[in-house]
Amino acid sequence: MAEYNPLHKGHLHHISATRQMMPRSPIIVVLSSCFVQRGEPSFLDPWSRAEAALEAGADLVLHLPVAFSCHQAQVFASAAVDILAAAGVVTHLSFGMEGHKELLKKAGSILIQEPPSFKMRLRRWLDQGFSFVEARSRALEEIEPGLGAFLKGSNNILALAYHMRIAQRKLPIETISVKRIGAAYNQRDFDQIPSATAVRTLWEAGDRERALRGLPPFSARILEREDRRGRVVTTSNPRWWDLLRWRILSTPEDQMISSAEMAEGLENGLKRAARGAESYQDLLESTVSRRYPRSRIQRLCCHLMLSHQHWFNRACQRLGPSWIGVLATNDIGKVLLRRMRSTAELPVLSRFTSPPDGYSRGILALEERALTLWEILAGNPKVDSFRRRRIMMSPSNPLEGSSPEVA
């Protein structure tokens, strides 16, 4: 499960370390759509990021629809795990962590069982105005000292979500943790192995040479190529603020409240902020609070822009992914795809074709709105060009022998 927004040296380390631990196993990546978990349009389109994943050593790149990719950690992780489980060929899940696996198991056990002592503490912190994530972290720290600090790590939060989904569904998937190296994912400081946030920040500031140095050579080439094509998107793009401000100011309050993840009262706060804000950053600074952190507000804005409704959001969380989309593959991945024809529990799609049932069509319709908006932000006049995108192939040598394990 990844975003590769863009793929940096830390991501390459994770794939390489996984390959070293399971040298005879193909590697599958589930990659986020064109709007990512932190509530922003992706830096590059999904196909370019999938291409980078193949170059880094992945064999098959699957697609995590925007209904799940632009969401909080538990929704993001659960959907990605469900896709891997539905493929019917995966036995191991590899993820990066900042902490120790024992703490992961302790936190997971408490959150799955939800003992009264935890519920009481969680409610107390929520009543004091903390966000759910922060309240949960504080409640866990009171029960088991050290868990609060453990959940300060963004990769630990996702690792916990993966672990919980596997445990809750009793899936026959083993987990492999790789020690994260370099900066935390949202750290803006630049070091030898910068975070994706640091790379994007340098790029937006115009220091592109330093940004490119933080990437593996193949990832840097892809970024430079897409930049020449005008296909790099950031939230500093004036189109994003203009479209978002229009959307907030022109949408009636009773319609805004029905948008996914919109809490009562936030619609009025967004409207007040949009009237006086001069930029997207101004809007965020006016609306972020202890109860509603930055990532929550950013996702709210994305949901509003995509007309992602509350009722459909709830349906997606309840029902999960209903198809497996394929972004890219090499020769080894093609072998896996042939196996998936008999093992997959969900339809496998390599193009944007209409699924058979209404729920699946709803997920696809939301995906098409997201891809169209991303193309508009990129300034592409052919906003339906993604419909012509085919599964991407990359030459490779098939693994000698065979293994049922897929990381």
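Read on for an overview of the structure. (Residues numbered from 1 in each chain as written. Predicted model: local features only at pLDDT ≥ 70, side-chain atom pairs only at ≥ 80, totals over all residues. Heavy atoms only, no water.)

As a further point, take the state of the cysteines. Per the stated rule, a full pass over the model turns up zero disulfides. Cys302 supplies the cysteine sulfur nearest to Cys70, a cysteine that is in no disulfide, at a spacing of 4.1 Å. The exposure class assigned to Cys70 is buried, which follows from its relative accessible area of 1%. Here Cys301 stays unpaired: no disulfide links it, and the sulfur of Cys302, its closest cysteine neighbor, is 7.0 Å away. (Disulfide = S-S within 2.5 Å. Buried < 20%, exposed > 50% of the residue type's maximum accessible area, 1.4 Å probe, protein only.)

So, on to the pairing of strand E5 (residues 92-97). Burial of E5 is extensive: six of the six residues sit out of reach of the surface. Burial along E5 is two-sided: the face carrying His92, Ser94 and Gly96 and the face carrying Leu93, Phe95 and Met97 are both buried. The sheet contact formed by E5 and strand E6 (residues 174-179) spans six bridges and is parallel. Looking at the pairing, Leu93 lines up with Thr175 of E6. (Helix = DSSP H or I, 4+ residues; strand = E, 2+ residues; numbered from the N terminus. Pairing = 2+ DSSP bridges.)

Attention shifts here to the pattern of salt bridges. If you walk through the whole model with that rule in mind, you get 22 salt bridges. When the shortest N-O distance is used, the salt bridge between Arg231 and Asp45 registers 3.0 Å. Within this pair, whereas Arg231 is found in the loop between helix H12 (217-228) and helix H13 (238-250), its partner Asp45 is found in the loop between strand E3 (40-41) and helix H2 (46-56), the two being separated by 186 residues in sequence. In this structure, Glu226 engages Arg229 in a salt bridge whose closest nitrogen and oxygen atoms are separated by 2.9 Å. (Salt bridge = Lys/Arg side-chain N within 4 Å of Asp/Glu carboxyl O.)

Packing of helix H15 (residues 266-276) against helix H16 (residues 280-287) brings their axes to within 9 Å, and their N-to-C directions diverge by 140°. On the basis of their axis angle, the class for H15 and H16 is oblique. For the pair H15 and H16, the sense of crossing is right-handed. Contacts between H15 and H16 pair Gly269, Leu270, Ala273 and Ala274 from the former with Leu283, Ser286 and Thr287 from the latter. Tallied by class, the residues present in the contact of H15 with H16 amount to four nonpolar, three polar and no charged. (Axes fitted to C-alpha atoms, helices over the stretch in contact; angles between N-to-C directions. Parallel < 35°, antiparallel > 145°, perpendicular 65-115°, else oblique. Left-handed = near helix turned anticlockwise from the far one by under 90°. Contact = heavy atoms within 4.5 Å. Nonpolar A, V, L, I, M, F, W, Y, C, P; charged D, E, K, R; others polar.)

In total, this model carries two cavities of 30 Å³ or more according to the counting rule given. Reported here for the largest cavity is a volume of approximately 110 Å³. Considering the residues around the largest cavity, the lining is formed by twelve residues, among which Val326, Leu349, Ser350, Arg351 and Phe352 are closest to the centre. By residue number, the principal contributor to the lining of the largest cavity is strand E7 (residues 324-330), which donates three residues. Split by residue class, the lining of the largest cavity holds seven nonpolar, three polar and two charged. (1 Å grid on protein atoms, 1.4 Å probe; cavity = no way out; pocket = protein on both sides within 12 Å on 5 of 7 lines; lining within 4 Å. Points joined across faces, edges and corners; volume = space filled by probe spheres on them.)

Without other data, these values stay purely geometric and don't point to any function.
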